[in-house]
2 protein chains.
Amino acid sequence: MHPSTQNIKVAVDNVIFTVIGNKLFVLLIQMKKKPLEGVWAMPGGLVGEKETLDDAATRILREETGVKAGFLEQLHTFSAPKRDPFGRVVSTAYMALVSAEGIKLRTTSKYMGVDWMPYAGAKKLAYDHNQILAYAKTRLEWHLEHTNIAWSLLPREFTLTELQRVYEAIRGRKAEKRNFRKMMLGRDIIASTGKSVMRGAWRPAQLYRFKSGDRVAK
Amino acid sequence: MHPSTQNIKVAVDNVIFTVIGNKLFVLLIQMKKKPLEGVWAMPGGLVGEKETLDDAATRILREETGVKAGFLEQLHTFSAPKRDPFGRVVSTAYMALVSAEGIKLRTTSKYMGVDWMPYAGAKKLAYDHNQILAYAKTRLEWHLEHTNIAWSLLPREFTLTELQRVYEAIRGRKAEKRNFRKMMLGRDIIASTGKSVMRGAWRPAQLYRFKSGDRVAK
DNA sequence: AGTGCTTAGTGTCTTTTGTACACAAAGTAC
DNA sequence: GTACTTTGTGTACAAAAGACACTAAGCACT
């Protein structure tokens, strides 16, 4: 092996999740580049000379959504020699979680389109992006049960029912109301704000907030 | 950013763990290259043109130990622009677990030395290798509690006490014998072989084996 | 004012899991 | 056969997770 001859590009790909209503969504872009014209993929790009991978992921996220992620974490580096038909590219996948509220997607000329797609409907993505997406989902599920990342998918204040919807969207199954509340309160990571809010023509719900925006293992 | 001008090397670094006696050890090499002469580091190297990262990690492990890892997993990719004084190198860390039994370390001319070092004594490593090592230890602890990776640190058949030593070495604290046994048997991942073996001048112990060499989440 | 509707919010029992703790069993050495 | 060392087990308690039914608070409609 001759190090000086190594010619591998280094990229990052972002799996950007949000929850809208009762469903988990992922941000996809529709490609323009020729053999993959019209195909959907996760947004990504090459890493700059003086950027860390984290920097690059943050930059790409901002380019697509204009926001800073509530949560951004490196997942895994994918390296199959033929994963990219345009040449040897090793790509590090990141997972970003954002609150859908107040996000305006930016349609750039780089892509044919940018949109939120239901996680369950994201099939036939470009490159190895289906594999990356599946990996991200698994990690997301893990975090949900073991850390407090849910805060990054919600606005600063929320009702327990809204929080429950996030859990249900990601787990893909209904939760039992009383046990869910007991579990969340028992983890000691959320606190009541004292305020309550009307979400419809019925009994108002209390607003809660996460005690810390930092990730906490249980 | 001009993709064609990107000039980043891609490497892997291996954190190779084993347990000897009651202690966790990590395989380190002593460097020859000038400004880092004599400094200890984890073995690593550039990725070949047609290799995946997994391939490269497997190759490097074999070059140092001559064995295939019982367990090999990608950990994280480190990318600080100045992490390597010789130039921009992005490195993916891998963790390998091997059974110390029957391993002959290969002293190659590439290094001043190769040796097992107690985990607790591995200070002042080259590059960002202390950070990588700490990351690997955390992951190892997680696997110990949630999967059956301990199998890759032991010979095929072992006594429960030997298994307990592995857990104690990694956790860094003693375990309670009865609870440890109940926990291990309750996970349903080990089975008695029916054989028993003398480990000294006292009551013989039963030999167990892992039911599967595959990693199993609890 | 009263009835019906919808969601918010709580208490208790059961099962499972983890933890603490003490003694009998099976070998060897002398 | 006695002393020694390790193997090997049972039980009680505490904590966490899961199942389950009812009351409370608001609005809409009459």
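Please read all numbers here as calculations on a predicted model, not as lab measurements.

What about the packing of helix α3 (residues 160-171) of chain B against helix α4 (residues 177-186) of chain B?
Residues and elements named next belong to chain B.
- Closest axis-to-axis distance for the α3/α4 pair is 11 Å, and the angle between their directions is 100 degrees. Judged on the interaxial angle alone, α4 and α3 are roughly perpendicular. Counted together, Leu160, Thr161, Leu163, Gln164, Tyr167 and Arg171 of α3 and Lys177, Phe180, Arg181, Met183 and Met184 of α4 form the full contact between these two elements.

Examining the packing of helix α2 (residues 129-146) of chain B against α3 of chain B
All names here are of chain B.
- Interaxial distance between α2 and α3 falls to 10 Å at its minimum, and their mutual angle equals 145 degrees. For the pair α2 and α3, the sense of crossing is left-handed. The segment α2 lies against α3, with Lys137, Leu140, Glu141, Leu144 and Glu145 engaging Tyr167, Ile170 and Arg171.
- Partitioning the contact of α2 with α3 into residue classes produces four nonpolar, no polar and four charged.

Some remarks on the protein's contact with DNA strand D
- Not every one of the 20 residues close to DNA strand D is listed here, only the nearest: Arg178 and Lys182 of chain A together with Lys177, Arg178 and Arg203 of chain B.
- Within 4 Å of the protein, the atoms of DNA strand D are drawn from sugar and phosphate moieties in a proportion of 43%.
- Proline 204 of chain B is positioned with one of its backbone polar atoms (N or O) 3.5 Å from a sugar or linking oxygen of DNA strand D.
- Those elements giving two or more residues to the surface near DNA strand D turn out to be α4 (177-186) of chain A together with α4 and β9 (205-210) of chain B.
- When residues of the surface near DNA strand D are assigned to their parent elements, the largest contribution, four residues, is made by α4 of chain B.

Here we look at the side chain of glutamate 157 of chain A
Residues and elements named next belong to chain A.
- By the element assignment, glutamate 157 lies in the loop between α2 (129-146) and α3 (160-171).
- Side chain to side chain, glutamate 157 and lysine 195 meet in a polar contact 3.0 Å long.
- Discounting chain neighbours no more than four positions away, the residues touching glutamate 157 are Thr193, Lys195, Leu207 and Tyr208.

Quick notes on the protein's contact with DNA strand C
- For DNA strand C, the set of nearby residues contains 20 residues, the closest of which are Lys177 and Arg178 of chain A together with Arg178, Asn179 and Lys182 of chain B.
- At the protein interface, 43% of the atoms of DNA strand C within 4 Å belong to sugar or phosphate.
- One nitrogen or oxygen atom from the side chain of threonine 161 of chain A is found 2.9 Å from a phosphate oxygen belonging to DNA strand C.
- Separating a base oxygen of DNA strand C from a side-chain N or O atom of lysine 182 of chain A is a distance of 3.4 Å.
- A class-by-class count of the residues in the surface near DNA strand C yields seven nonpolar, three polar and 10 charged.

Considerations on the environment of threonine 92 of chain A
- With respect to the helices and strands, the residue threonine 92 of chain A is situated in strand β6 (residues 89-97).
- The buried category is assigned to threonine 92 of chain A, whose relative accessible area is 1%.
- Residues within four places of threonine 92 of chain A in sequence aside, it is in contact with Ala11, Val12, Asp13, Leu53, Gln74, His76 and Thr77 of chain A together with Thr77 of chain B.

Re the interface of chain B and chain A
- Contacts between the two partners involve 28 residues from chain B, matched on the other side by 28 residues from chain A.
- For the pair chain B and chain A, the two sides together bury roughly 2500 Å², of which 51% comes from carbon and sulfur.
- Across the contact surface, chain B and chain A share zero salt bridges.
- Run the count over chain B and chain A and you get 21 residue pairs in polar contact (both at pLDDT 80 or more).
- Of all elements in the fold, only β1 (9-20), α1 (53-65), β5 (71-78) and β6 (89-97) of chain B reach the threshold of two or more residues within the side of chain B that touches chain A.
- Grouping the amino acids of the side of chain B that touches chain A by side-chain chemistry returns 11 nonpolar, 11 polar and six charged.

Reading guide: rules and limits
- Positions within a chain are numbered from 1, following the residues in the order the chain's sequence is written.
- Numbering of ligands from 1 and lettering of chains from A proceed in the order in which they are written.
- Only residues with pLDDT of 70 or above have their local features reported here, since the model is predicted, and side-chain atom pairs are shown and tallied only from 80 upward, although totals for entire chains, interfaces and linings are computed over all residues.
- Water and hydrogen atoms play no part in the side-chain values, which are based on all heavy atoms of the structure.
- To get an axis, a line is fitted to the C-alpha atoms, and for a helix only the part in contact is used. The angle between two axes follows their N-to-C directions and goes from 0 to 180 degrees.
- Starting at the N terminus, helices and strands are each numbered in turn, a helix being any DSSP run of H or I of at least four residues and a strand any DSSP run of E of at least two.
- In these notes the angle categories are as follows: under 35 degrees is roughly parallel, over 145 is roughly antiparallel, 65 to 115 is roughly perpendicular, and the rest is oblique.
- Note on contacts: a residue pair is in contact if any heavy atoms of the two residues lie within 4.5 Å.
- Crossing chirality is assigned from the near helix's rotation relative to the far helix, an anticlockwise turn below a right angle marking it left-handed and a clockwise turn marking it right-handed.
- Three classes are used, and their members are as follows: Ala, Val, Leu, Ile, Met, Phe, Trp, Tyr, Cys and Pro are nonpolar, Asp, Glu, Lys and Arg are charged, and the others, Gly among them, are polar.
- Working definition: residue near molecule or strand if any one of its non-hydrogen atoms lies within 4 Å of it.
- For this analysis, a polar contact is any N or O atom pair within 3.5 Å, provided that within protein one partner can donate a hydrogen and the other can accept it, and provided that sequence-adjacent residues contribute only side-chain to side-chain pairs.
- Burial status follows relative accessibility: with a 1.4 Å probe on protein chains alone, a residue under 20% of its type maximum counts as buried, one over 50% as exposed, and anything between as partly exposed.
- Accessible area that two parts lose when put together, with a 1.4 Å probe and added across both, is what the buried area reports.
- Here, a salt bridge means any Lys or Arg side-chain nitrogen found within 4 Å of an Asp or Glu carboxyl oxygen.

Without other data, these values stay purely geometric and don't point to any function.
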